[in-house]
Amino acid sequence: MQPPPTGDSSERRARQRFLAQRRGEPCFWVVVDGHRQALIDISLEGFSMPAMDGASHEGFDFVLQRADVPDQVAGRAVVVNPAGSQVGAPGRTLGCRFVDLPAEVLARLEDWLITHVIVSATVRITEKDATAIVLGRSLV
């Protein structure tokens, strides 16, 4: 199963993005070709990360990891939005879209994001509220 289409531009996510940090510390990572990198943000459609070898427009396999959780999310993604300075320069980021994420893996990612929203909220919210936020349209 693939995540929902992102509209007319493959560079833009239709779903809400979440900073991949909690209390200023990374809490989501990606592993590509054996190299682990903290994510910048994550959504049900994809993620962004500092540029790293192995990630490409043609597609790449990845594994997502979450702080203090032993399970993982694995699939395939493509780079859809390289941003920043020239290739290999510090500060370059890659926007990546999921292209192969089985239904059970997408459901696990959804659970991860719902938990992330609840734990990161500065006001008390319910699981129902968190689910609506995760499944809702992007506000950015």
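The rules behind each value
- Per-chain numbering applies: the sequence of each chain, read as written, is numbered from 1 onward.
- Only residues with pLDDT of at least 70 get local features here, since the model is predicted, and only at 80 or more are side-chain atom pairs given and counted; chain-wide, interface and lining totals rely on the full set of residues.
- For side-chain calculations, the full set of non-hydrogen atoms in the structure is used, while hydrogens and water are omitted.
- Each salt bridge in this description consists of a side-chain nitrogen of Lys or Arg and a carboxyl oxygen of Asp or Glu lying within 4 Å of one another.
- Under the scheme used here, helices are H or I runs from DSSP no shorter than 4 residues and strands are E runs no shorter than 2 residues, and both carry numbers assigned from the N terminus.
- Throughout, exposure labels follow a simple rule: accessible area from a 1.4 Å probe, protein chains only, divided by the maximum for the residue type, with under 20% read as buried, over 50% as exposed, and the rest as partly exposed.
- Centre distance within 6.5 Å is the pairing criterion for rings of Phe, Tyr and Trp, where only the six-membered ring of Trp is used; planes under 30 degrees apart are then read as stacked, over 60 as edge-to-face, and the remainder as tilted.
- Both a distance and an angle decide whether a charge sits over a ring: NZ of Lys or CZ of Arg must be within 6 Å of the ring centre and within 35 degrees of the ring normal.
- For a helix, the expected span equals 1.5 Å multiplied by the residue count minus one.
- Here, strands pair whenever DSSP counts at least two bridges between them.
- The contact rule is simple, with two residues in contact once any of their heavy atoms fall within 4.5 Å.
- In this description, a line fitted to the C-alpha atoms serves as the axis of each element, helices being fitted only across the stretch in contact, and the angle between N-to-C directions of two axes falls anywhere from 0 to 180 degrees.

## Quick notes on the pattern of salt bridges
Point 1. In this structure the tally under the stated criterion is three salt bridges.
Point 2. Arg76 is the salt-bridge partner of Asp61, the closest N and O atoms lying 3.1 Å from each other. Of this pair, Asp61 sits in strand β8 (residues 60-66) while Arg76 sits in strand β9 (residues 72-83), and the two are 15 residues apart along the sequence.
Point 3. For Arg76, a relative accessible area of 29% translates into the label partly exposed.

## Points about unusual backbone geometry
Point 1. At Arg23, a position not held by glycine, the phi torsion is positive, near 55 degrees.
Point 2. Within the secondary structure, Arg23 sits in the loop between β2 (21-22) and β3 (25-26).
Point 3. Phi at Asp68 is positive, roughly 65 degrees, even though this residue is not glycine.

## Things to note about the packing of aromatic side chains
Point 1. Scanning all chains against the criterion turns up four aromatic pairs.
Point 2. Note on Phe28 and Trp112: the rings are 6.2 Å apart at their centroids and 40 degrees apart in plane angle, and the pair reads as tilted. Note that Phe28 is positioned in strand β4 (residues 28-32) and Trp112 in helix α1 (residues 103-120), a separation of 84 residues in sequence. Taken as a pair, Phe28 and Trp112 share a single burial class, namely buried.
Point 3. Judged by centre distance (5.8 Å) and plane angle (55 degrees), the ring pair of Phe47 and Phe98 falls under tilted. Separated by 51 residues along the polypeptide, Phe47 in strand β7 (residues 46-50) and Phe98 in strand β10 (residues 93-100) bring together distant segments of the chain.
Point 4. Residue Phe98 is classed as buried on the basis of its relative accessible area of 2%.
Point 5. Each member of the aromatic cluster is reached from another via a ring pair, and the members are Phe47, Phe62 and Phe98.
Point 6. Note that Arg36 overlies the ring of Trp29, its terminal NZ or CZ placed 4.1 Å from the centroid.

## Quick look at α1
Point 1. The terminal C-alpha atoms of α1 lie 25 Å apart, and with 18 residues this matches the ideal 26 Å at 1.5 Å per residue to within 8%.
Point 2. Here α1 has its buried residues at Val105, Leu106, Leu109, Trp112, Leu113, Ile114, His116 and Val117.

## Notes on the sheet that holds β4
Strands belonging to one sheet form pairs held by backbone hydrogen bonds; the direction of such a pair is parallel or antiparallel.
Point 1. Read across the open sheet, the eight strands follow the order β1-β6-β7-β10-β9-β8-β4-β5; overall the sheet is antiparallel. Only two strands of the sheet have a single neighbouring strand rather than two, namely β1 (18-19) and β5 (35-38).
Point 2. Examined bridge by bridge, strand β6 (residues 41-42) and β7 share two bridges and lie antiparallel to one another. Across the sheet, residue Ile42 finds its bridge partner in β7, namely Phe47.
Point 3. Strands in contact with α1 are β1, β4, β6, β8, β9 and β10; relative to β9, the strand with the most contacts, it is inclined by about 75 degrees.

Note that every value here comes from positions in space, so none of it alone points to a role or purpose.
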